[in-house]
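Spelled out, the chains give:
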Amino acid sequence: MRPGQGLAPGAGPGPGAGGCGARERGRDGGLPGPAPGSRLPAPGALPAFVVPHSHMDVGWVHTVQESMHAYAANVYTSVTEELNTGKQRKFIAVEQEFFRLWWSRVATDTQKHQVHQLVKEGRLEFIIGGQVMHDEAVTHIDDQILQLTEGHGFLYETFGIRPRFSWHVDPFGASAATPTLFVLAGFNAHLISRIDYDLKEDMQKAKKLQFVWRGSPSLAESQEIFTHVMDQYSYCTPSHIPFSNRSGFYWNGIAMFPDSPKDGMYPNMSVPVTDASLSLYAQTMVANIKMRAAWFRTQDVVWPWGCDKQFFNSSVQFANMDPLLAYINNHSEEFGVTVEYATLDDYFRAIHDRDITWSIQNQRDFLPYSTG
């Protein structure tokens, strides 16, 4: 059976969004169709979608003002610059609290024009679009709707867009109310991570990390959404690399509070990509991609590149990742993998094209949450 046609790119919320309307049920939950001119991966190679991102907690440990000063403002300033420098580069922006502060207090007119162009090109993609990534265990539904509406209103007024995907990777547990809310907000697909560790391991082994979620017992299939559960590496890049005692793929290091180091040397900066380390990095990345591919039904691998408070120096990040991706692609026959910078739109389009019938998840919650 073929998947449904999906929600047309750019369509807004309302009846028919996120898996509603005259579509075959239980197939893709409203995933978008193929992008015009999208390229196909090399025959037999695993396509990996490298998604640059920065997880930016609002009010966790540090205040919003402290975070803006220490790293958050630099994320959007440097990402904007680097995406304009390299046309193959992409980035997803999640929490609106920090972006809106940057937009109103830091961004220049030139930077604002550049952001508009990046959004138009699909290289900067806003995900979720709420002020925060809301908790799912104890928050009231009216507060969830309020903060989502506020963020979406800003994005629509500023860029004329509405987010179409979630990236709910850090709430401690996943409530069935959330996918229902996101369908009503016009989302096409839902991405989560923190569920019970034993359950996640079982789902990995059975290749059941992706499904169509019908979160509401009363709305059922009229409000369903394709859902992707992150594997055991969650939303962060694998931190261990076998050839170094430092973390891997975090070339800008770890953000420092309250002030940035004057010499620009941050803690735990990854070993740079050089002629000596390039092959080692490639082997490490390819091995991780292949490991993750074994846990899913399709060959397509979403490979989050980032973690908490990353990309405050996007220049050093992309300067190291660019040659690494090029090296892997130049040796794709040897590695059996191709890699590209991507947004969630790129990844979910590829999943849609696979023509798979997905299992149905009913209104069950992924609560309580346990990490072992």
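Just above, that's the structure.
Draft legend 1. Representation of the sheet that holds strand 1 (residues 46-52) in the model. Judged by pairing direction, the sheet is parallel, and its three strands sit side by side in the order 7-1-8 without closing on themselves. Two strands bound the open sheet, and with one partner strand each, they are strand 7 (301-305) and strand 8 (337-341). Between one strand axis and the next, the sheet turns by 25° as a mean value, whatever way the strands run. As defined by bridge partners, strand 1 adjoins strand 8 across five bridges and the pair is classed as parallel.

Draft legend 2. Fine view of the pairing of strand 1. Along strand 1, seven of the seven residues are buried, which leaves the element largely enclosed by surrounding structure. Going residue by residue along strand 1, you find Leu-46, Ala-48, Val-50 and Pro-52 tucked away on one face and Pro-47, Phe-49 and Val-51 tucked away on the opposite face as well. Of the strand pairs in this sheet, strand 1 and strand 7 are connected by five bridges, and their pairing is parallel. Following the sheet pairing, Val-50 is matched in strand 7 by Trp-303.

Draft legend 3. Quick look at the state of the cysteines. Overall, the coordinates contain one disulfide when judged by the stated rule. Shown here is the disulfide that connects Cys-236 with Cys-307, its sulfur atoms set 1.9 Å apart. Its S-S torsion of about 60° marks the bond between Cys-236 and Cys-307 as right-handed, since a negative value means left-handed. Of the two residues, Cys-236 is situated in the loop between strand 6 (225-229) and helix 7 (278-293) and Cys-307 in the loop between strand 7 and helix 8 (314-330); the sequence distance between them amounts to 71 residues. For the residue pair Cys-236 and Cys-307, the accessibility class agrees, reading buried in each case.

Draft legend 4. Just the pattern of salt bridges, in detail. Inspection of the entire model under this criterion finds twelve salt bridges. Residues Asp-322 and Arg-89 are paired through a salt bridge, measuring 2.4 Å at the closest nitrogen-oxygen approach. In this pair, Asp-322 is assigned in helix 8 and Arg-89 in the loop between helix 1 (64-85) and strand 2 (91-93), connecting sequence segments 233 residues apart. A relative accessible area of 18% places Asp-322 in the buried class. The buried category is assigned to Arg-89, whose relative accessible area is 7%. In this structure, Asp-345 and Arg-349 form a salt bridge, with 2.7 Å as the shortest nitrogen-oxygen distance. Here the residue Asp-345 and the residue Arg-349 both occupy positions in helix 10 (residues 344-353), the gap between them amounting to four residues, near one helical turn. A cluster of three or more residues bridged by salt bridges with shared partners is formed by Glu-82, Arg-89 and Asp-322.

Draft legend 5. Quick look at the nonpolar core. Core analysis: the biggest nonpolar cluster contains 57 residues, and Phe-249, Met-285, Trp-305, Met-321 and Leu-324 have the highest contact counts within it. Considering every element that reaches this core, the biggest residue donor is helix 1, with nine residues. Here Trp-305 is in contact with Val-50, Val-51, Pro-52, His-53, Thr-237, Phe-249, Trp-251, Phe-311, Gln-317, Phe-318, Met-321 and Tyr-341, once residues within four sequence places are set aside. Residues Val-94, Trp-213, Trp-295 and Ala-342 belong to the second largest nonpolar core, which totals 47 residues.

Draft legend 6. Highlighting unusual backbone geometry. Of note, the amide linkage connecting Phe-257 to Pro-258 takes the cis form, showing an omega dihedral of 0°. Tracing the backbone shows Pro-258 in the loop between strand 6 and helix 7. A cis amide bond links Leu-367 with the next residue in sequence, Pro-368, at an omega value of 0°. Its place among the elements puts Pro-368 in the segment after strand 9 (360-361). Backbone geometry places Ser-234, a non-glycine residue, at a positive phi of 60°. If you trace the backbone, Ser-234 turns up in the loop between strand 6 and helix 7. You can call Ser-234 buried: its relative accessible area is 15%.

Parameters and conventions
Residues numbered from 1 in each chain as written. Predicted model: local features only at pLDDT ≥ 70, side-chain atom pairs only at ≥ 80, totals over all residues. Heavy atoms only, no water. Pairing = 2+ DSSP bridges. Helix = DSSP H or I, 4+ residues; strand = E, 2+ residues; numbered from the N terminus. Axes fitted to C-alpha atoms, helices over the stretch in contact; angles between N-to-C directions. Buried < 20%, exposed > 50% of the residue type's maximum accessible area, 1.4 Å probe, protein only. Disulfide = S-S within 2.5 Å. Salt bridge = Lys/Arg side-chain N within 4 Å of Asp/Glu carboxyl O. Core = buried A, V, L, I, M, F, W, Y, C linked by side-chain atoms within 4.5 Å. Contact = heavy atoms within 4.5 Å.

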